[in-house]
Amino acid sequence: AKVIFSGIQPTGIPHLGNYLGALQQWKRMQDEAAPDTKLIYSVVDLHAITLPQQVGQLRQWRREMLAALLAIGLDPQRSVIFYQSAVQAHSELMWILSCTASMGYLSRMTQWKSKLSLSENASVTDEKAKSALKLGLFSYPVLQAADILVHRATHVPVGEDQRQHLEFARECATNFNHSFGNGSKLLVPPETILSPAKRVMSLQSPSSKMSKSDPNPASRILLTDSPSQIRKKILSALTDSTNAVTYDPISRPGVSNLLSLLSLFENKKPEELAAKMASQGAKLKDLKERVAEGVVKAMDGVGERFKEIMARDGGKYLEGVAEDGASKARESADKTMRIVRESMGM
Ligand code: TYM
């Protein structure tokens, strides 16, 4: 049977990139899953602390992320939804995997290199800045591998930026099986499921991905934005000085990002949409208005449900969902940990 696992960091209300690139896919998989498919989704708070977090804010962000997952339609009766830190096996398996994971492989990870602020081939010049970086940031992908492998996930839905981390997770599983399994599948190498929205770009600097850490709030749309906020952000999205609609991701990243969004909502290729709009003499404003309508429709009701769920039973409802999810996740993880410890002689 299939086991679907994915995770999201609690670093604020999810944005349109998280929604289209991941959460919407999580929900679709839940709704289309065969009865014997297990679905496991985690709010990965241990990943969030690889960068400094304020305690009160992390507490709030965890709850907000959990509420957002429910608001987009994940059903805690069907999907196991839990805080990563509530299931100790994730950390335990991470330690074990880190004893067979290669430093070389980890240091080639794009996210680590971008944290080092190095270009692909540059050598390290600023030794001081480098030694201030934290070990947890470096070993981040090992924890991610543990998240996946501890639940014997077969399929992991993510956006493009996580592809490399998943290759590493497969490598961890294969390494472990080779070292301790005599060829048997003690750990299961998972498959990556890329969502159709691989990489939603920033509305203000369309050559970088839409991200929670961008200092400019106009660069992203939040799941809780009102229709008028959504329209305002889309209408002021950075495009270029050619007031016509063409699809050209390299020289027209802003316009092309809008067309990619539209293609998700209208189920047509961005090239097709562009050709059609151009033949009708559409201007950029027409494109933006259509995209805004699409986004408003896609997010319809999410903001209200989010607020209602945050407040339900004075917060007790969310606590209950988290506890229930954690106990199911512990059960699922404990099975794997027994196999792992036994096979290693512990
Ligand atoms: P995180 O929290 O950065 O992002 C959560 C999910 O959203 C996707 N995503 C995007 N997709 C398209 N366009 C964008 N602009 C965009 N921004 C984010 C991400 O690809 C991801 O699927 N390391 C992970 C969390 C994690 C995880 C795991 C994922 C921890 N353990 C195990 C899968 C399996 C992360 O930081 O995602």
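Analysis parameters
- Residues numbered from 1 in each chain as written.
- Predicted model: local features only at pLDDT ≥ 70, side-chain atom pairs only at ≥ 80, totals over all residues.
- Heavy atoms only, no water.
- 1 Å grid on protein atoms, 1.4 Å probe; cavity = no way out; pocket = protein on both sides within 12 Å on 5 of 7 lines; lining within 4 Å.
- Points joined across faces, edges and corners; volume = space filled by probe spheres on them.
- Helix = DSSP H or I, 4+ residues; strand = E, 2+ residues; numbered from the N terminus.
- Nonpolar A, V, L, I, M, F, W, Y, C, P; charged D, E, K, R; others polar.
- Salt bridge = Lys/Arg side-chain N within 4 Å of Asp/Glu carboxyl O.
- Buried < 20%, exposed > 50% of the residue type's maximum accessible area, 1.4 Å probe, protein only.
- Near = heavy atom within 4 Å.
- Polar contact = N/O pair within 3.5 Å; in protein donor to acceptor, adjacent residues only side chain to side chain.
- Areas by Shrake-Rupley, 256 points an atom, 1.4 Å probe, with all protein chains shown as cover.

A.B. asks: Just checking my understanding: could you explain the layout of surface pockets for this structure?
C.D. replies: The computed volume of the second largest pocket comes to approximately 370 Å³. Lining the second largest pocket are 17 residues, with R199, Y247, S256, N257 and S260 sitting closest to its centre. For the lining of the second largest pocket, the leading source of residues is helix α11 (residues 253-266), giving seven residues. Among the residues forming the lining of the second largest pocket, the class breakdown is eleven nonpolar, four polar and two charged.

A.B. asks: It is not clear to me how the pattern of salt bridges should be interpreted in this structure. Could you clarify?
C.D. replies: Two side chains that carry opposite charge are able to pair once their charged atoms sit near each other. Scanning all chains against the criterion turns up twelve salt bridges. Among the salt bridges present, the one from K27 reaches D31, with a minimum N-O distance of 2.5 Å. Of this pair, K27 and D31 are both found in helix α1 (residues 16-32), four residues apart, which corresponds to roughly one turn of the helix. According to the relative accessible area criterion, K27 is partly exposed, its value standing at 25%. Take D31: its relative accessible area is 47%, and that puts it in the partly exposed class. Ionic pairing is found between R231 and E293, a salt bridge with its closest N-O pair at 3.1 Å.

A.B. asks: Looking at this structure, I do not really get the site of the ligand. What am I missing?
C.D. replies: Surrounding the ligand, one finds 28 residues, the nearest of these being Q9, Y140, D147, D161 and V200. Separating a nitrogen atom of the ligand from a backbone N or O atom of G17 is a distance of 3.3 Å. One of the side-chain nitrogen or oxygen atoms of Q144 is found 2.9 Å away from a nitrogen atom of the ligand. Protein contact buries 96% of the 720 Å² of open area that the ligand shows by itself. Of all the elements in the fold, those that place two or more residues in the shell around the ligand are β1 (3-8), α1, α8 (135-150) and β4 (155-158). Tallied by class, the residues present in the shell around the ligand amount to eleven nonpolar, eleven polar and six charged.

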